[in-house]
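Residue strings, one per chain:
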Amino acid sequence: MNVNKDNIKISFVGDILPANLPYTLGFGNYDLLNQESLIDNISKPDIFFANLESPILSDSTSDEAFSGNMQILDYFIAKGINIVSIANNHILEQGEVGFYETVQLLKSKNIKVIGLNEEGTSNIESFSFNGNTICFAAFNAVHDIPNKGLYAELNESAIEQALQKMDELHATFKILTFHWGNEYFAYPNPEQIRIANFCVKQGCDLIIGHHPHVVQKAEIIDSKHVFYSLGNACFDYLFTGAVKVGLRVDITLNKNTPEIRYYPIATKGFGLKKMAEKHASLLLTEKEIIRQNEKSYINWYNQKIKKIRLAHRIKMKIYLLWLFIVLPVQNKYKLYRNVSRHFREIVG
């Protein structure tokens, strides 16, 4: 890193869902975008990144899952979000047409888009400040819907190509963002750790991860920060405390070591208040360097992840039952309808 200008501020948040999930059709995030912001009272940075977890449609509806509300575009602009990743497992929920419309709508608002497949790697977007070039690329490693070459796939060859392109652009700071990992688990899996080490060796300056829907422990590799998952920024997952809370990471670049600050943020939905600051702070204290013997870590991880998945399936079912008790009558009907139509997808 060779930054020539002091105090270039870059902010990052994780998953943002401007739509409803199968079980929140008619009463979820789609209709809650104008409520108190996840990032209020924090000054706008020079660059602000988020992962866009659903397509955005001009004719979207709250009664279709993963159909993004166009109001999110104005929300992004108001909050200063000027670059998003579309390389994730839900961006193709509305097919190729929805994918291309999403990209076009974002670009029409001058919001940069990363994660587009270009010759087997991610497109590169950059920001320039007084002779400095900050470059971004994005990749996806989670697949629910087959990818027909629309977004960038996460693999070593694609990473090498992207970093080489950044070098050709004379990048002074190279950022990779990955949609990866296992849902609901606060630790990165062995493959994430391996890829992170590979990226740093190839010259990456910062890695930002998302998808697990919880904050995962961070790591510093050869003085480079790796945030394996920032958790949810704005999502309809509310069935445990961990999925309600995420991180905003602010990095100030200067001629010396980057300065890092963390802010707890909380998803809002169904009129719930923000998670208690104490809980968010508890997640923040879990930052540490993860350096364990590879074989023992793999064995421990595989045993633990099975228990985590089972526990969250149970918690989801309990949460749906609780919702049916507390929701207004109109929304009780919507919840019943949604679960009936999407039972296997929701609780399977």
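Preceding this paragraph is the structure being described.
Below you will find a few notes about this structure. For clarity, every value in this text was computed on a predicted model and none was experimentally measured.

What counts and what doesn't
Residues numbered from 1 in each chain as written. Predicted model: local features only at pLDDT ≥ 70, side-chain atom pairs only at ≥ 80, totals over all residues. Heavy atoms only, no water. Salt bridge = Lys/Arg side-chain N within 4 Å of Asp/Glu carboxyl O. Helix = DSSP H or I, 4+ residues; strand = E, 2+ residues; numbered from the N terminus. Buried < 20%, exposed > 50% of the residue type's maximum accessible area, 1.4 Å probe, protein only. Pairing = 2+ DSSP bridges. Axes fitted to C-alpha atoms, helices over the stretch in contact; angles between N-to-C directions. Contact = heavy atoms within 4.5 Å. Phe/Tyr/Trp six-rings, centres within 6.5 Å; stacked < 30°, edge-to-face > 60°. Lys NZ or Arg CZ within 6 Å of the ring centre and 35° of its normal. Polar contact = N/O pair within 3.5 Å; in protein donor to acceptor, adjacent residues only side chain to side chain. Core = buried A, V, L, I, M, F, W, Y, C linked by side-chain atoms within 4.5 Å. Parallel < 35°, antiparallel > 145°, perpendicular 65-115°, else oblique. Left-handed = near helix turned anticlockwise from the far one by under 90°. Nonpolar A, V, L, I, M, F, W, Y, C, P; charged D, E, K, R; others polar.

### With respect to the pattern of salt bridges
Scanning the model with the defined rule gives nine salt bridges in all. Note that Asp-63 is salt-bridged to Arg-337, the shortest N-O span being 3.5 Å. Highlighted residues: Asp-63 in the loop between strand 2 (47-52) and helix 1 (71-79) and Arg-337 in helix 8 (residues 329-341), separated in sequence by 274 residues. Two residues, Asp-250 and Arg-248, come together in a salt bridge whose shortest N-O distance is 2.9 Å.

### Let's talk about the pairing of strand 10 (residues 206-210)
The buried fraction of strand 10 is high, at five of five residues. Burial of the side chains of strand 10 extends over both faces: Leu-206, Ile-208 and His-210 are buried on one face and Ile-207 and Gly-209 on the other.

### Description of the sheet that holds strand 10
Pairing within the open sheet is mixed, and its six strands lie in the order 7-8-9-10-12-11. A single partner strand is all that each edge strand has here, and the edge strands are strand 7 (125-129) and strand 11 (218-221). Each strand of the sheet is rotated relative to its neighbour by a mean of 15°, with strand direction disregarded. The pairing of strand 10 with strand 12 (residues 224-227) spans three bridges and is classified as parallel. Bridge pairing in strand 12 places Ile-208 opposite Phe-227. Those strands touched by helix 3 (residues 156-168) are strand 8 (132-140) and strand 9 (173-179), and its axis lies near 155° from that of strand 9. With respect to the sheet, helix 4 (residues 190-201) is in contact with strand 9, strand 10, strand 11 and strand 12, its orientation differing from that of strand 11 by roughly 35°.

### Re the packing of aromatic side chains
Within a pair of aromatic rings, the relevant descriptors are the distance that separates the centres and the angle that separates the planes. If you walk through the whole model with that rule in mind, you get 15 aromatic pairs. An angle of 40° between the planes, with centres 6.4 Å apart, marks the rings of Phe-12 and Phe-136 as tilted. Separated by 124 residues along the polypeptide, Phe-12 in strand 1 (residues 8-16) and Phe-136 in strand 8 bring together distant segments of the chain. With a relative accessible area of 0%, Phe-12 lands in the buried category. According to the relative accessible area criterion, Phe-136 is buried, its value standing at 1%. The residue whose ring lies beneath Lys-112 is Phe-127, and the NZ or CZ to ring-centre distance is 5.1 Å. Residue placement shows Lys-332 over the ring face of Phe-324; its charged tip is 5.5 Å from the ring centre.

### Focus on the pairing of strand 11
Across four bridges, strand 11 lies against strand 12 in antiparallel orientation. Directly across from Ala-218, in strand 12, lies its bridge partner Phe-227.

### Describing the environment of Thr-121
Position of Thr-121 relative to the elements: it lies in strand 6 (residues 121-122). With relative accessibility at 0%, the residue Thr-121 sits in the buried group. As for Thr-121 and Glu-153, which are separated by 32 residues in sequence, their C-alpha atoms are 7.1 Å apart. Of note is the side chain of Thr-121, whose polar atom sits 2.6 Å from the backbone oxygen of Ala-158.

### Re the nonpolar core
Across soluble globular proteins, nonpolar side chains show a tendency to be buried alongside one another. In this structure, Phe-12, Phe-76, Leu-106 and Phe-136 are the most contacted members of the largest nonpolar core, which totals 52 residues. Leave out the neighbours within four places in its chain, and Leu-106 touches Leu-52, Ile-56, Leu-73, Phe-76, Val-84, Ile-86, Ile-111 and Val-113. Among the nonpolar cores identified, the runner-up in size contains 51 residues, and Ile-159, Tyr-184, Val-214 and Tyr-228 belong to it.

### Quick notes on the packing of helix 3 against helix 4
Axis separation between helix 3 and helix 4 bottoms out at 11 Å; the angle between their running directions is 30°. Taken together, the axes of helix 3 and helix 4 are roughly parallel relative to one another. As for how helix 3 packs across helix 4, the hand of that crossing is right-handed. Side by side, helix 3 and helix 4 meet where Glu-156, Ile-159, Glu-160 and Leu-163 of the first sit next to Arg-194, Ile-195, Phe-198 and Cys-199 of the second. Among the residues making up the contact of helix 3 with helix 4, the classes are represented as five nonpolar, no polar and three charged.

### Observations concerning the environment of Asp-144
Mapped onto the secondary structure, Asp-144 falls in the loop between strand 8 and helix 3. Sequence-wise, Asp-144 and Asn-88 are 56 residues apart; in three dimensions their C-alpha atoms are separated by 9.2 Å. Setting aside residues no more than four positions away along its own chain, Asp-144 makes contact with Asn-89 and His-90. A polar atom in the side chain of Asp-144 sits 2.8 Å from the side chain of Asn-89.

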